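Structural overview for review
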Amino acid sequence: MDKFNAEWLAQYQEDILEPELKICDAHHHLWDYPSYQYRAEELLEDISCGHRVVSTVYMECMWAYDRDAAEHLRSVGETCFVKGVQERYQDTATEIAKCMVGSVYLDKPGVVEALDAHMEANSRFRGIRHASGWHPSSDVPPTHMGAGEGLLADKQFRLGFAELGKRNLSYDAWLYHNNILELDELAKAFPDSHIILDHTGGPLGIGPYAGKRNEVFDEWKKAIDVLSTNENVFVKIGGLNMQLNGFAWEKKTMPPTSGELAEATKPFYLHCIERFGVERCMWQSNFPVDKVSCSYDVLWNSFKRITQRFSDAEKNWLYHDTAAKVYRFSDIQS
């Protein structure tokens, strides 16, 4: 990890809450850029803070692509990279990348060949993410795959999307809150396909939304209410500590406490849990992206503060079992 915030984060630490609670971190990344490393070793260092993280789900981040392959097959390189990580850490206390989600451009040629290549390269390949976040304001950059307006309704995209269901592959949706109703239309068009909404639906706090958290919450809430009626949609709660969410933790003199994080984010998380139910919600760290704002121990403590009055059964779903069900841990052969 780039050390730009290490000293800042080190100013504050907390005792671990509920250290025996079993956790699957349902969404994280790994990479090894020259100036910005977050490898399995860095992730394990964060996990060593004391939370009982028994497994993780790797999420694509356009890393380790095979630049010598045909364009539609380059992302298979990332899937091969993750297989190496899985083999190395499958017998450790934390099973890093127990399953993974890769990337395919569903609106471009070669979708069938690409999906089959991913599945052949890694038996723990569970689905794809074709990020679709967009906003008309130039102050809100598109998500990392460069989506434009109307992607989820595009005819070619939907032809590609239909291939997922044929292979029992899920779709992770990374979009912004102004795109949620587009995802609702996709979910209704493919009721038998599993769709996972990443990052609590991406409520924005930058550009035209800066300083308008109440208005954003109301708009986001109405869209979530509609989306949650689709039984084939699940949601990853977490991922609200990115700069685009506008909480600006990284600009403060001291890093936030778990209490501060919980107080700021719980309206979003609790509404998702209320609408989707615990069996369709799963916690995620979104590390190292959210590490710009908080440490791993503080982040998971904040989640545990929010669910402190939940039953043991409810916690089991939120912290582990929903992820295990959605990403089919039971299909993994030892």
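Residues numbered from 1 in each chain as written. Predicted model: local features only at pLDDT ≥ 70, side-chain atom pairs only at ≥ 80, totals over all residues. Heavy atoms only, no water.

To continue, consider the nonpolar core. One finds Tyr-171 and Leu-183 to be the most contacted residues of the largest nonpolar core, which totals 78 residues. Here this core gets seven residues from one element, more than from any other, and that element is helix α8 (residues 258–276). Dropping the residues within four chain positions of it, Leu-183 is found in contact with Leu-152, Tyr-171, Ala-173, Leu-175, Ile-195, Leu-197 and Leu-227. By size, the runner-up hydrophobic cluster in this structure holds 15 residues, among which are Cys-24, Met-59, Cys-99 and Tyr-327. (Core = buried A, V, L, I, M, F, W, Y, C linked by side-chain atoms within 4.5 Å. Buried < 20%, exposed > 50% of the residue type's maximum accessible area, 1.4 Å probe, protein only. Helix = DSSP H or I, 4+ residues; strand = E, 2+ residues; numbered from the N terminus. Contact = heavy atoms within 4.5 Å.)

With that settled, consider the pairing of strand β9 (residues 233–237). The buried count for β9 comes to five of five residues, which makes it a mostly enclosed element. Alternating positions in β9 separate into two faces, Val-233, Val-235 and Ile-237 on one and Phe-234 and Lys-236 on the other, with burial throughout. Both strand β8 (residues 195–197) and β9 contribute to a ladder of three bridges, which runs parallel. When the sheet's bridge partners are listed, Ile-195 is paired in β9 with Val-233. Handedness of the β-α-β unit built from β8, helix α7 (residues 213–227) and β9 comes out right-handed. Here three bridges tie β9 to strand β10 (residues 281–283), and the two strands are oriented parallel to one another. Bridge pairing in β10 links Val-235 to Cys-281. (Pairing = 2+ DSSP bridges. Right-handed = clockwise from strand over helix to strand, strands pointing away.)

What follows concerns the packing of helix α4 (residues 111–121) against helix α5 (residues 155–166). The geometry of α4 relative to α5 is characterised by a closest axis approach of 10 Å and an angle of 35° between their N-to-C directions. With respect to the hand of their crossing, α4 and α5 are arranged in right-handed fashion. Touching Val-111, Val-112 and Leu-115 of α4 are Gly-160, Glu-163 and Leu-164, all from α5. Among the residues forming the contact of α4 with α5, the class breakdown is four nonpolar, one polar and one charged. (Axes fitted to C-alpha atoms, helices over the stretch in contact; angles between N-to-C directions. Left-handed = near helix turned anticlockwise from the far one by under 90°. Nonpolar A, V, L, I, M, F, W, Y, C, P; charged D, E, K, R; others polar.)

Taken together, eight strands build an open sheet; the order of strands is β1-β4-β5-β6-β7-β8-β9-β10 and the sheet is parallel. The open sheet has two edge strands, β1 (23–28) and β10, and neither has a second partner. Neighbour-to-neighbour, the strand axes of the sheet open up by a mean angle of 30°, direction not taken into account. Note: strand β6 (residues 125–129) against strand β7 (residues 170–173), three bridges, orientation parallel. Across the sheet, residue Arg-129 finds its bridge partner in β7, namely Asp-172.

Enumeration over the complete set of coordinates arrives at two cavities of 30 Å³ or more. By volume, the largest cavity is sized at about 40 Å³. Lining the largest cavity, in full, are Pro-203, Leu-204, Arg-213, Val-216, Leu-240, Asn-245, Phe-247 and Phe-268. Residue classes in the lining of the largest cavity are distributed as six nonpolar, one polar and one charged. Quantified by volume, the second largest cavity comes out at close to 30 Å³. (1 Å grid on protein atoms, 1.4 Å probe; cavity = no way out; pocket = protein on both sides within 12 Å on 5 of 7 lines; lining within 4 Å. Points joined across faces, edges and corners; volume = space filled by probe spheres on them.)

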